[in-house]
Amino acid sequence: MYHTLIHSPSLTTLLAQENFFAVSMECLVRSKDTELSELQANQALEMEETVKGLGVTTTDEKVNALAVKHLEDIQMLESKWESEISALREAQKRTFQDQVARVHEEYHTLGGVFTPSSLDKEVYASEHSASSSDLWTTNNTCLEESFTIHLGAQLKQMHNLRLLSAGVLDLCHIKPNKTFNAVPQRLQTAMSLYSNNLCGLVLLVDSRVNSYTGIKRDFARVCRSSTEFHFTGLEDQLEDVRDLLSKVSLWRTTTRITDEGRVVASNCDSQSPKVAMLRPGDVYVTRHSNLAEVHVVFHVVTDDSIRSGDISSRHPVILALRNVLKVACLCDITTVTMPLLLVHEMSEEMTMSWCLKRAELIYKCIKGFMIEMASWGGSESRTIQFLVPKGTSDDLFQIGRASCRERV
């Protein structure tokens, strides 16, 4: 139903409703963050004053009791807000699904003719009466360059490459702004949601399947800022991954891969490891409909070895990119965005020579993987977007551009 309506004049109504719901959800999430920050700031001051009197007006036991109380207060406040957010999310889901079903029925009752009476006037009015600071827009990237290449031995296939400088979450987040415009990226994402023209993003994460720290926490914050109407929420999808992790760990202990690439039984203990952990190069996938330019996120597990200047084409993370492209070919993901330097942020050890060496390695490997696409069923044209960290200097960007032309 959604796919039919999103390719009809109902597109405006559906996006307006999504926008209105997202504004409400983001306001609630922002209120939660503000109240938590205020509470934590007050607790920090209270603890500081208490510690100053340690041994004079207070004791270690009182300090410990205060710390326990602070933790309980934070947990209670978080529980309260999560309950409100969950209730709003479920209400929005029900309203949206009912709206889609009703408009779809009206659309077919009228023989595919769309009339103004099919509009949800309440949502339409709410959208246009919303405050000017509560509507969507997306970030603009600073630097970008596009290329067209032809790969293949006999029958050459055309592919598109794009080099751009942006934050990885800029492709996910739709920020509030003064006016509601039909943002091209958001329109395209919605129209291709149930199609064979999906967009994927590579997100580099650590081995823990959660959303508590670093880029994982920031990504989860983006996902929670609006309701997911078509798939299960991010936390539920991560829980499914954790459920599978013990099975994967058991399989790894009971099987091994021979030099010829065959999978055979191992002589190791068949009991599952006590702690199931992902390894560098492992990939798990989540699906999304509420992000700006992304439908599928490939969470690629990395470790500190990726910052070394001496990694080879056999590094697990680079081999993971091959698996990402293979899944993309098999699952109609025609656009894949990946970090060119295999990092999301620059650091001191990443000199100009380090960046050039890393870019050349990734270009060379990705070119080889793209040539393999024909054997994976990848006969369609693909778009590969190479992402360099936001704020990259013009000189470094131009080096990456020149390297792309030479290596690909």
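Residues numbered from 1 in each chain as written. Predicted model: local features only at pLDDT ≥ 70, side-chain atom pairs only at ≥ 80, totals over all residues. Heavy atoms only, no water.

## Focus on the overall build of the chain
Rules: Secondary structure elements are defined from DSSP: runs of H or I of at least 4 residues count as helices, runs of E of at least 2 residues count as strands, and each element is numbered from the N terminus. In these tables, accessible area is a Shrake-Rupley quantity obtained with a 1.4 Å probe, and a residue counts as shielded only by the protein chains included in the view.
For the chain, the count of helices and strands is 10 helices and 11 strands. Surface exposure of the chain reaches about 21300 Å², of which carbon and sulfur atoms provide 53%.

## Things to note about the packing of aromatic side chains
Let me state the cut-off plainly: Within 6.5 Å between ring centres, the rings of Phe, Tyr and Trp (the latter by its six-membered ring) count as paired, and their orientation is classed by plane angle as stacked under 30 degrees, edge-to-face over 60, tilted in between. In this scheme, a residue with accessible area under 20% of its type's maximum is buried, one over 50% is exposed, and one in between is partly exposed, where area comes from a 1.4 Å probe on protein chains only.
Within the structure shown, the criterion is met by 6 aromatic pairs. Between the aromatic rings of F21 and F229, the centroid separation amounts to 6.0 Å while the plane-to-plane angle is 45 degrees, which identifies the pairing as tilted. Taken together, the residues F21 in helix α2 (residues 11-52) and F229 in the loop between α6 (214-224) and α7 (234-254) connect sequence positions 208 residues apart. Residue F229 is classed as buried on the basis of its relative accessible area of 12%. Pairing F96 with F229 gives two aromatic rings, centres 4.2 Å apart and planes at 20 degrees, and the pair type is stacked. Placement of F96 in helix α3 (residues 60-109) and of F229 in the loop between α6 and α7 is noted, with a sequence separation of 133 residues between them. Feature note: the residues Y2, F20, F21, F96, Y194 and F229 constitute an aromatic cluster, connected by ring pairs.

## Digging into the packing of α2 against α3
Heads up, the rule is: A fitted line through C-alpha atoms represents every axis, and for helices the fit uses only the stretch in contact; the resulting angles, taken between N-to-C directions, go from 0 to 180 degrees. Geometric relationships in this document are graded by angle, where less than 35 degrees denotes roughly parallel, more than 145 denotes roughly antiparallel, 65 to 115 denotes roughly perpendicular, and other angles denote oblique. Residues are grouped as follows: nonpolar covers Ala, Val, Leu, Ile, Met, Phe, Trp, Tyr, Cys and Pro; charged covers Asp, Glu, Lys and Arg; every other residue, Gly included, is treated as polar.
Running from amino to carboxyl end, α2 crosses α3 at an angle of 175 degrees, the nearest separation of the two axes being 11 Å. Relative to α3, the element α2 is oriented roughly antiparallel. Its residues assigned to classes, the contact of α2 with α3 comprises 18 nonpolar, 11 polar and 10 charged.

## Some details on the packing of helix α8 (residues 316-330) against helix α9 (residues 352-372)
Quick reminder of the rule: If you view the pair so one helix is near and one far, a crossing is left-handed when the near helix is turned anticlockwise from the far one by less than a right angle, and right-handed when it is turned clockwise. Working rule for contacts: check all heavy atoms of both residues, and any pair within 4.5 Å makes them a contact.
Here α8 crosses α9 at 35 degrees, and the two axes come no closer than 10 Å. Considering only the axes of α8 and α9, their crossing is right-handed. For the pair formed by α8 and α9, the contact residues are I318, L321, R322 and L325 on the first element and L361, I362, C365, I366, F369 and E372 on the second. Broken down by class, the residue content of the contact of α8 with α9 amounts to 8 nonpolar, no polar and 2 charged.

## Some remarks on the pattern of salt bridges
Counted only if it meets this: Whenever Lys or Arg places a side-chain nitrogen within 4 Å of a carboxyl oxygen from Asp or Glu, that contact is recorded as a salt bridge.
Throughout the structure, instances matching the rule amount to 15 salt bridges. Between E82 and K32 there is a salt bridge, with the nearest N and O atoms lying 2.4 Å from each other. Taken together, the residues E82 in helix α3 and K32 in helix α2 connect sequence positions 50 residues apart. The salt bridge partner of D206 is R208, with a shortest N-O separation of 3.2 Å.

## Description of a negative patch on the surface
Just so we agree on the cut-off: Residues enter patches when their relative accessible area tops 30% and they take part in no salt bridge; the joining distance is 9 Å for like charges and 5 Å for the nonpolar side chains Val, Leu, Ile, Met, Phe, Trp and Tyr. Positive charges are assigned to Lys and Arg, negative charges to Asp and Glu, while His and the chain termini are left out of the count. To locate a charge, take atom NZ for lysine, CZ for arginine, CG for aspartate or CD for glutamate.
Together, E235, D236, D240 and D243 make up a negatively charged patch on the protein surface. For D240, the location among the structural elements is in helix α7. Exposure remark for D240: the relative accessible area of 44% places this residue in the partly exposed category.

## Looking at unusual backbone geometry
Positive phi, normally seen in glycine, also occurs at D332, with a value near 60 degrees. With respect to the secondary-structure elements, D332 resides in the loop between α8 and β10 (333-339). For L342, which is not glycine, the phi torsion reads 60 degrees and is therefore positive. For L342, the location among the structural elements is in the loop between β10 and α9.

## Side note on the environment of A220
Along the chain, A220 turns up in helix α6. Considering only alpha carbons, one finds A220 and L234, 14 residues apart in sequence, at a separation of 7.1 Å. Ignoring any residue separated from it by four or fewer positions in sequence, one finds A220 in contact with S211 and L234.

## Side note on the sheet that holds strand β8 (residues 283-287)
For clarity, the cut-off: Only when DSSP finds a minimum of two bridges between them are two strands counted as paired.
With respect to topology, 7 strands assemble into an open sheet ordered β2-β3-β11-β10-β5-β9-β8, the strand pairing being mixed. Lying at the two open borders of the sheet, with one neighbouring strand each, are β2 (143-151) and β8. Mean inter-strand twist for the sheet, computed between neighbouring axes without regard to direction, equals 20 degrees. Pairing of strand β5 (residues 198-205) with strand β9 (residues 296-301), which is carried by 6 bridges, proceeds in the parallel orientation. Across the sheet, residue V205 finds its bridge partner in β9, namely V301.

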